[in-house]
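A structural walkthrough
These are the residues of each chain, in order.
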Amino acid sequence: SSGINAEWPLRPGSKDQQDRLSFAILQHFDDLISSKAVDGEAAESMAVAAQCLTEALGVDVKDPEHASRLKVDQALQDVFDGVFPPRPTKKAATKDEETKANDLKDEGNELMKQNKYEEAIEKYSEAIEVVPVATYFCNRAAAYSKLAQHESAVKDAEDALVLDAGYSKAYARMGFAYLNMNKLPEAEDAYSNALRLDSGNQSYKDNLDAVKEKISAGPNVMAQAPMGGMPAMPGMPGMPGMPNLAGMDFSQILNNPAFMNMAQQFMTDPNMQQAFTSMADQFMQGGGVGGGETLGPNGVPENIDINAMLGNPALRSMAENFEAQNPQMMDQLRNQFRRPEDDTEPPPNP
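Summarised in this report is the structure supplied together with it. (Residues numbered from 1 in each chain as written. Predicted model: local features only at pLDDT ≥ 70, side-chain atom pairs only at ≥ 80, totals over all residues. Heavy atoms only, no water.)

**Digging into the overall build of the protein**
Looking only at helices and strands, the protein has 18 helices and zero strands in total. The contacts of the protein with a sequence gap of at least 6 include a subset with a gap of at least 24, amounting to 62%. Carbon together with sulfur atoms contributes 51% to the accessible area of the protein, which is approximately 18,800 Å² in total. (Helix = DSSP H or I, 4+ residues; strand = E, 2+ residues; numbered from the N terminus. Contact = heavy atoms within 4.5 Å. Areas by Shrake-Rupley, 256 points an atom, 1.4 Å probe, with all protein chains shown as cover.)

Now the structure itself:
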């Protein structure tokens, strides 16, 4: 038979795999026709196409020898769905289903308030299984972001928009996830869409301005590897996870002997490390359901309260010593963490 040229530049030993793939494609066509997923002229055209491919590829699904040698355990559609799960579709739900799904969503919201994000994801997922609703996907995106699983957050935000193309909060969730992945053009596009749909939302405007400021600043030349022994935090140079504090001169901070001495204490003092971990937890977990991700105009999450962080005795002692030697720098840090009084994002839809 003509078949695929064995000299065709494939990976070594992949000719058999190519034939198996060809068989799976032809089997998929045959399944579509036999199941009447296509009919009439479309079925006739597909049958002609399958016959042409059978002759061209030298693979025949009707040939018992070919079937025994080339047939795979999974249908091509199942393989595709496993790699690329189908997008959600709107479902006509009964009143009982709506009530059950809403109750599961409420349980997820309560778990979010308790910082139990993995458990919240499970509840939102159960709600989605009952009735796929944009809000449930958006709330689950918030939970994924809390766990720094930003790619999953983006996918949930996209699925929310499949169900409700006008859902501004889904674009905001997407923007936050892209920002934390340092995909700034995508973050800008997402926040722009959020603001387009809700032009009066000051939080979206501030977040968009913060992203544009980061884009204008260009690559951060001070990016370094994390300091040994210190927990990672997003966005700060050398500390993945801490928000980018726009306008801060990190070259001044990192070259300051007092600061580097303080960093050395973090690496060697368990109490300091515990204090720093507590501060990191505020960045990553603060704000309850949906509120912790909102950035102020300087790129700092609104929920951060530096005074609360300084309530930790070890951290307070460290800060007092640092302030005594560097009063101007400490004032600059306080100003960066100061949040606007009237710039908060409401939680997800109840």
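Next comes the rest of the account.
**Things to note about the environment of Glu98**
Among the structural elements, Glu98 can be located in helix H5 (residues 95-113). Under the relative-accessibility criterion, Glu98 is labelled partly exposed at 40%. Considering only alpha carbons, one finds Glu98 and Pro132, 34 residues apart in sequence, at a separation of 9.9 Å. Once you skip the residues sitting within four places of it in the chain, Glu98 turns out to touch Ala93, Val131 and Tyr136. (Buried < 20%, exposed > 50% of the residue type's maximum accessible area, 1.4 Å probe, protein only.)

**A short note on the nonpolar core**
By size, the foremost hydrophobic cluster in this structure holds 44 residues, and its most contacted members are Met112, Tyr167 and Met174. When residues of this core are traced back to their parent elements, those giving at least two are H5, helix H6 (117-130), helix H7 (134-146), helix H8 (150-163), helix H9 (168-180), helix H10 (184-197) and helix H11 (202-217). Within the second largest apolar cluster, seven residues are counted, among which are Phe23, Leu26, Val61 and Leu70. (Core = buried A, V, L, I, M, F, W, Y, C linked by side-chain atoms within 4.5 Å.)

**Here we look at unusual backbone geometry**
Notably, Lys36 is not glycine yet its phi reads approximately 60°, a positive angle. Mapping Lys36 onto the fold places it in the loop between helix H1 (15-34) and helix H2 (40-57). If you check the backbone angles, Asn182 has positive phi at about 60° while not being a glycine. Within the secondary structure, Asn182 is located in the loop between H9 and H10.

**A look at the pattern of salt bridges**
Using the criterion set out here, one finds 10 salt bridges in the structure. Taking the shortest distance from any N to any O, the salt bridge between Asp19 and Lys15 comes out at 2.9 Å. Of this pair, Asp19 and Lys15 both sit in helix H1, four residues apart, which is roughly one turn of the helix. Assessed through its relative accessible area of 9%, Asp19 is described here as buried. Assessed through its relative accessible area of 29%, Lys15 is described here as partly exposed. Among the charged side chains, a salt-bridge network with shared partners connects Asp16, Glu65 and Arg69. (Salt bridge = Lys/Arg side-chain N within 4 Å of Asp/Glu carboxyl O.)

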